[in-house]
Amino acid sequence: AGDEVVQLYLQDKKASVVLPYMQLKNFARVSLQPGESKEVKLTLGNDDLRLLNRDYKWVVEAGEFDAMIGAASNDIRQTATFNVKNNYMLSK
C-alpha cells in the first residue's frame, strides 16, 4: 500500500515570450493498495494556459501545447498534444 502523486505538466510549444520548458499545472495524490489501479482526472483551465505577454497583459495564445502526465518531471508516462485556435485576452 502507498501513495502516488500524479502530476500534470504543460509545455507551450509556440509562446511569444520565453517560458519554462515544462510547468506543473495540476496534481493529485492517490492512495493505492498493492495491484490496485485508479482513474485520475486532472483539468486545465484558462489560467493554466495563460502567459504574461510583452504588453504585460494576461493572454492565451493560439498554438500547440503538450500536456504531460507522470510521477515527476523526469518520469513522464503519457503525453497528449492539443491546439488553441485563437488568441484571447483574459480579464484579470
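This text follows the structure it describes.
These numbers come from a predicted model, not from an experiment. (Residues numbered from 1 in each chain as written. Predicted model: local features only at pLDDT ≥ 70, side-chain atom pairs only at ≥ 80, totals over all residues. Heavy atoms only, no water.)

Caption draft 1: Here's a closer look at the nonpolar core. Within the largest apolar cluster, six residues are counted, these being Leu10, Leu49, Val60, Phe65, Val84 and Leu90. Leaving out residues up to four positions away in the same chain, Leu90 has contacts with Asn46, Asp47, Arg50, Trp58, Val59 and Val60. (Core = buried A, V, L, I, M, F, W, Y, C linked by side-chain atoms within 4.5 Å. Buried < 20%, exposed > 50% of the residue type's maximum accessible area, 1.4 Å probe, protein only. Contact = heavy atoms within 4.5 Å.)

Caption draft 2: How the structure looks around the side chain of Asp12. Structurally, Asp12 is set in strand β1 (residues 2-12). This buried residue, Asp12, is left without a salt bridge; Lys25 holds the nearest opposite charge, at 8.9 Å. A distance of 3.2 Å separates the side chain of Asp12 from the backbone nitrogen of Lys14, its partner in a polar contact. Within polar-contact distance, the side chain of Asp12 engages the backbone nitrogen of Ala15 at 3.3 Å. Here Asp12 is in contact with Leu19, Leu51, Glu64 and Phe65, once residues within four sequence places are set aside. (Helix = DSSP H or I, 4+ residues; strand = E, 2+ residues; numbered from the N terminus. Lys, Arg positive; Asp, Glu negative; His and termini not counted. Salt bridge = Lys/Arg side-chain N within 4 Å of Asp/Glu carboxyl O. Polar contact = N/O pair within 3.5 Å; in protein donor to acceptor, adjacent residues only side chain to side chain.)

Caption draft 3: Broad picture of the pairing of β1. As judged from the nine bridges shared by β1 and strand β2 (residues 23-32), these two strands associate in the antiparallel manner. Bridge assignment links Asp3 to a residue of β2, and that residue is Ser31. (Pairing = 2+ DSSP bridges.)

Caption draft 4: Just unusual backbone geometry, in detail. Located in the positive-phi region is Tyr56, a residue other than glycine, with phi close to 60 degrees. Along the polypeptide, Tyr56 turns up in the loop between β3 (51-52) and β4 (58-60). Take Tyr56: its relative accessible area is 68%, and that puts it in the exposed class.

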